[in-house]
Amino acid sequence: MQGKGRKTTSRQKVPSLSDSAGKGRPRKEKKAAKPEGIQSKSEFKKTEDFIPEGPVSGSPSLLQSNYGNLGNFELVVPLTAGGLAYYWRNNDADELPWDGPIKFGADAGKVEGVSLIQGDFGPHNNLELAAAGHGGHSLMHFWRDSDSMLGWYGPNPISEKA
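Values in this document were obtained by computation on a predicted structure and should not be read as measured data.

This part is about the overall build of the chain. Across its full length, the chain holds 0 helices and 8 strands. Starting at the N terminus, the α and β elements of the chain follow one another as β-β-β-β-β-β-β-β. In the chain, which comprises 162 residues, the proportion classed as buried is 27%. In the chain, the proportion of contacts linking residues at least 24 apart, taken out of those at least 6 apart, comes to 32%. About 12,200 Å² of surface is accessible on the chain, with carbon and sulfur atoms providing 53% of the total.

The step from G100 to P101 runs through a cis peptide bond, and the omega angle for that step is 5°. With an omega of 10°, the peptide bond between G154 and P155 qualifies as cis. Structurally, the position occupied by P155 is in strand β8 (residues 152-159). Phi is positive for L96, which is not a glycine, with a value near 50°. Among the secondary structure elements, L96 is positioned in the loop between β3 (84-89) and β4 (98-104).

Once that is clear, we can look at the packing of aromatic side chains. How two aromatic rings sit relative to each other is given by the distance of their centres and the angle of their planes. The final tally for this structure, using the stated rule, is 6 aromatic pairs. The interplanar angle of 70° and the centroid separation of 5.4 Å between the aromatic rings of Y86 and W152 together place this pair among those described as edge-to-face. Taken together, the residues span a long stretch of sequence, with Y86 in strand β3 and W152 in strand β8 at a distance of 66 residues. For Y86, a relative accessible area of 3% translates into the label buried. The exposure class of W152 is buried, given its relative accessible area of 10%. Ring centres of F104 and F142 lie 5.4 Å apart, and the angle between their planes is 75°; this geometry places the pair in the edge-to-face category. In this pair, F104 sits in strand β4 while F142 sits in strand β7 (residues 139-144), placing the two residues 38 residues apart along the sequence. Of the two residues, F104 and F142, neither departs from the other in class, the shared state being buried. Among the aromatic side chains, those forming a connected cluster through ring pairs are Y86, W88, F104, F142 and W152.

Right, let's talk about the environment of V111 for a bit. Looking at the element boundaries, V111 is found in strand β5 (residues 111-118). We classify V111 as buried; its relative accessible area is 4%. Apart from the residues lying within four places of it in its own chain, the contact partners of V111 are P78, L84, A131, A132, G133, H134 and M140.

In this fold, S61 is placed in strand β1 (residues 61-64). On the accessibility criterion, S61 (11% relative accessible area) is buried. A distance of 3.0 Å separates a polar side-chain atom of S61 from the backbone nitrogen of L116. Beyond its immediate stretch of four places on either side in the chain, S61 contacts E74, L75, V76, V114, S115 and L116.

Criteria and thresholds
- Residues numbered from 1 in each chain as written.
- Predicted model: local features only at pLDDT ≥ 70, side-chain atom pairs only at ≥ 80, totals over all residues.
- Heavy atoms only, no water.
- Helix = DSSP H or I, 4+ residues; strand = E, 2+ residues; numbered from the N terminus.
- Buried < 20%, exposed > 50% of the residue type's maximum accessible area, 1.4 Å probe, protein only.
- Contact = heavy atoms within 4.5 Å.
- Areas by Shrake-Rupley, 256 points an atom, 1.4 Å probe, with all protein chains shown as cover.
- Phe/Tyr/Trp six-rings, centres within 6.5 Å; stacked < 30°, edge-to-face > 60°.
- Polar contact = N/O pair within 3.5 Å; in protein donor to acceptor, adjacent residues only side chain to side chain.

Structure (structure tokens):
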């Protein structure tokens, strides 16, 4: 019943966080519906044979390239003993297998971190890598020819040791 002088309104009370404080059960949040064709984590197949050759150290770099239909994952990690290791995952394969390592850059010595991109050089866009030498005293460039199975080229100095 409306009393005399009260306004009619269509607004409803919006519950605040303080309204539910101390009243027993917390409110359940609605989960977003899973889009069709998207796998949940439990549906992915595990690649149990993949054990990174290491020990690895420093900061790795991961990207998704345009290789393959879905785009492969490309990973480069610094190795504790010096040099780098390259791994890739074929995202078109049912088992999602990781391959590698391909070791390279041993003559660069210890590397603290890497940054990986897919550039626009070469007919299929080469992978380009910048690496920081131990202690950050030098920067180096490596590249991988996408049309060749020969692997990685470099190191090419960007800056000399200071």
